[in-house]
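Chain by chain, the residues:
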Number of protein chains: 2
Amino acid sequence: MTATAAAILIGNELLSGKIADKNLVVLAKTLRELGVRLARVSMVPDDVELIATEVRTLAQTHSWVFTSGGVGPTHDDVTVEAVARAFEQQVVVHPELATMIEGVYGESLREGHLLMARVPERARLVRSEVVPWPAVVCENVMLLPGVPEIFSMKMKLVASIVEPARPFITLAVNVNVDEGTLKPALDETVELFPDVEIGSYPTFRDPVVRTKLTFDGTQRAQCEAARDAFIERLGSEAVVGLEG
Amino acid sequence: MTATAAAILIGNELLSGKIADKNLVVLAKTLRELGVRLARVSMVPDDVELIATEVRTLAQTHSWVFTSGGVGPTHDDVTVEAVARAFEQQVVVHPELATMIEGVYGESLREGHLLMARVPERARLVRSEVVPWPAVVCENVMLLPGVPEIFSMKMKLVASIVEPARPFITLAVNVNVDEGTLKPALDETVELFPDVEIGSYPTFRDPVVRTKLTFDGTQRAQCEAARDAFIERLGSEAVVGLEG
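Reading guide: rules and limits
- Residues numbered from 1 in each chain as written.
- Chains lettered and ligands numbered in written order.
- Predicted model: local features only at pLDDT ≥ 70, side-chain atom pairs only at ≥ 80, totals over all residues.
- Heavy atoms only, no water.
- Buried < 20%, exposed > 50% of the residue type's maximum accessible area, 1.4 Å probe, protein only.
- Helix = DSSP H or I, 4+ residues; strand = E, 2+ residues; numbered from the N terminus.
- Pairing = 2+ DSSP bridges.
- Contact = heavy atoms within 4.5 Å.
- Buried area = accessible area lost by both parts, 1.4 Å probe.
- Salt bridge = Lys/Arg side-chain N within 4 Å of Asp/Glu carboxyl O.
- Polar contact = N/O pair within 3.5 Å; in protein donor to acceptor, adjacent residues only side chain to side chain.
- Nonpolar A, V, L, I, M, F, W, Y, C, P; charged D, E, K, R; others polar.
- Axes fitted to C-alpha atoms, helices over the stretch in contact; angles between N-to-C directions.
- Phe/Tyr/Trp six-rings, centres within 6.5 Å; stacked < 30°, edge-to-face > 60°.
- Least-squares fit on C-alpha atoms with pLDDT ≥ 70 in both.
- Parallel < 35°, antiparallel > 145°, perpendicular 65-115°, else oblique.
- Left-handed = near helix turned anticlockwise from the far one by under 90°.
- Core = buried A, V, L, I, M, F, W, Y, C linked by side-chain atoms within 4.5 Å.

Asker: Give a description of the pairing of strand 9 (residues 169-175) of chain A that names residues and reports values.
Answerer: Consecutive residues of a regular strand have side chains that alternate between opposite faces of the sheet. Residue and element names in this part refer to chain A. By the criterion of burial, strand 9 is predominantly enclosed, with six of the seven residues buried. In this sheet, strand 11 (residues 211-217) lies alongside strand 9 in antiparallel orientation, the contact comprising seven bridges. Pairing of Ile-169 across the sheet is with Gly-217, part of strand 11.

See below:
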């Protein structure tokens, strides 16, 4: 059984279009390499009750949930409280995080900085030698920061919580015909290979590649067979490139 | 009462990290300029039942729903069917769309191309002089294509379905102190201006701007008063820039 994941992207700044999310694609690629299927993503505002409901629902229906954003010390950072509320836990100061924060700020330490040591009471810290700062995990939820550079650094910690599985592989074929034209060949291939996930993506104003077809699965031989069956049906003269 | 919107980003290619979504931020900005509050976004795979459930739920709880993706002619394009199912409608061929498609493809027309003329039976077409191809609207759901260049072109049609409202305005202050340090000044300001939505965003390794504060609302005077109250409390020597 493939492990599943959901992501919750948190922040008014995303919903108002002030900032474009950059974290989801990074998480999606990381999970794919680990063989975890990202099944759903929600983007919600900085509202503790909304986030708590989302966390509770998705944590019940997925192996893992990853949150992005809302972990700073200001009034609009409510993710820690929301995750605690989702699991009916209190928010407490984690002594080890507090010590680390004191070490970073030294003389310039303010009360506000220590708010970043708050965690749900039954949370644990996940760390590795290559990631300088631990990540907070509560039940099956990993809390990640919204700042893209830090979010990306924490991706190395995802491997330390999920069960490694056979990774997905992707093969691709670029063709010079449009989707309407290639559809009969594609439909036959989809029918023949139910275990291969086949995708079809039109390009826009590309003079050479009109459509990209992808063949995904955990078995390379199956993906190759599906790809080759498609090419045979379409005619190899339409193929302008292979990937993977 | 501010109109609300939800967006549904559709596609296995987004969840697998093959493609980074580019459409959400474009939609978010468009809605904001029209004074519509984007309240939630969901990203789901190419699964007709999942999409139908999402459409049904979000259409009941928001003024408008916008879908992105899944409107082509291949097996993984199931948005039209899903929206039809959400509202218990049949899928039919729209004669006007079919005529337009025949005009585009001429001699090279295949059956597959005409699949792009399918719509839920009670859908309507929305058009404007500046957008060459109409958009399909069914109940309070606008179906938009996933290809970013085409998605962006269709943004001009959003204004023709939503009730124009007073747009949101955003003021911003860039400061050279971190969130932990500015928190007391910020908390007082948040308390004093409940009608202004105040956001605080740390930057990463910016040598000058440590935090960006935003002041959003529909009343410029209120936003300005909140911004000025914050600067007064923090001390103007910390301010390195104003926006808006």
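Asker: Which residues make up the interface of chain A and chain B, and what values do they have?
Answerer: Counting residues at the interface gives 59 residues for chain A, matched by 59 residues for chain B. Both sides together, the interface formed by chain A and chain B hides about 4500 Å², and carbon and sulfur atoms give 59% of it. For the chain A face of the interface with chain B, the top three residues by lost area are Lys18(A), His75(A) and Phe204(A), together amounting to 14%. On inspection of chain A and its partner chain B, the count reaches four salt bridges. Across the chain A-chain B interface, the total number found is 20 residue pairs in polar contact (both at pLDDT 80 or more). In terms of residue count, the dominant contributor to the side of chain A that touches chain B is helix 8 (residues 179-192) of chain A (eight residues). Of the residues that constitute the side of chain A that touches chain B, the class distribution is 27 nonpolar, 15 polar and 17 charged.

Asker: Provide a residue-level description of the sheet that holds strand 12 (residues 239-243) of chain B, including the pertinent values.
Answerer: Residues and elements named next belong to chain B. On the basis of which strands lie adjacent, the open sheet formed by four strands has the order 10-11-9-12 and antiparallel pairing. If you trace the sheet from one side to the other, it starts and ends with strand 10 (197-202) and strand 12, each paired once. Pairs of neighbouring strands in the sheet enclose a mean axial angle of 15°, with direction left out of account.

Asker: How would you summarise the packing of aromatic side chains if you had to cite specific residues and measurements?
Answerer: All names here are of chain A. On inspection of all chains with the given rule, the structure shows two aromatic pairs over all chains. Judged by centre distance (6.1 Å) and plane angle (45°), the rings of Phe-215 and Phe-230 are tilted. With Phe-215 in strand 11 and Phe-230 in helix 9 (residues 220-234), the pair connects residues that are 15 residues apart, well separated along the chain. Each of the two residues, Phe-215 as well as Phe-230, counts as buried.

Asker: Can you break down the relation of the copies chain A and chain B residue by residue, with the values?
Answerer: Mapping chain A onto chain B calls for a screw motion: a turn of 180° about the axis and a shift of 0.0 Å along it, with 0.0 Å RMSD after fitting. Expressed as a symmetry operation, the mapping of one chain copy onto the other fits a two-fold axis. For chain A, the smallest separation between a C-alpha atom and the rotation axis is recorded for Ser42(A), amounting to 2.3 Å. Interface overlap between copies: 100% of the residues of chain A at the interface are likewise at the interface in chain B, consistent with a symmetric, same-surface contact.

Asker: I'd like a description of the packing of helix 8 of chain A against helix 9 of chain A, backed by residues and values.
Answerer: Residue and element names in this part refer to chain A. Remark: helix 8 packs on helix 9, axes separated minimally by 9 Å, with the N-to-C direction vectors making an angle of 150°. By the angle between their axes, helix 8 is roughly antiparallel relative to helix 9. Here helix 8 and helix 9 pass one another in a crossing that is right-handed. Counted together, Leu-182, Ala-185, Leu-186, Glu-188, Thr-189 and Leu-192 of helix 8 and Ala-226, Ala-229, Phe-230, Arg-233 and Leu-234 of helix 9 form the full contact between these two elements. Residues that form the contact of helix 8 with helix 9 fall into these classes: eight nonpolar, one polar and two charged.

Asker: Any chance you could break down the nonpolar core for me, citing the residues and the numbers?
Answerer: Core analysis: the largest hydrophobic core is formed by 56 residues, its most contacted members being Leu38(A), Phe66(A), Met142(A), Leu38(B), Phe66(B) and Met142(B). Dropping the residues within four chain positions of it, Met142(B) is found in contact with Val65(B), Phe66(B), Thr67(B), Ala135(B), Val136(B), Val137(B), Leu157(B), Val158(B) and Ile161(B).

Asker: Describe the side chain of Glu54(B), listing the residues and the values that go with them.
Answerer: Here Glu54(B) is to be found in helix 3 (residues 48-61). Apart from the residues lying within four places of it in its own chain, the contact partners of Glu54(B) are Arg40(A), Ile8(B), Ser42(B) and Val44(B).

Asker: Kindly report on the packing of helix 2 (residues 23-33) of chain B against helix 7 (residues 148-158) of chain B, identifying the contributing residues and their values.
Answerer: All names here are of chain B. The N-to-C vectors of helix 2 and helix 7 enclose an angle of 15°; their axes lie 10 Å apart at closest approach. Relative to helix 7, helix 2 is oriented roughly parallel. The two elements helix 2 and helix 7 cross, and the hand of that crossing is right-handed. In contact with Asn-23, Val-26, Leu-27, Thr-30 and Leu-31 of helix 2, helix 7 contributes Pro-148, Phe-151, Ser-152, Met-155 and Val-158.

Asker: With reference to specific residues and values, describe the sheet that holds strand 12 (residues 239-243) of chain A.
Answerer: All names here are of chain A. Taken in spatial order, the four strands line up as 10-11-9-12 in an open sheet, and their pairing is antiparallel. Whereas interior strands pair on both sides, the edge strands pair on one side only; in this sheet they are strand 10 (197-202) and strand 12. Within the sheet, the average angular offset between the axes of one strand and its neighbour, ignoring direction, is 15°. Where helix 8 meets the sheet, its contacts fall on strand 9, strand 10 and strand 11, and the angle it forms with strand 10 comes to roughly 175°. Strands in contact with helix 9 are strand 9, strand 11 and strand 12; relative to strand 9, the strand with the most contacts, it is inclined by about 15°.

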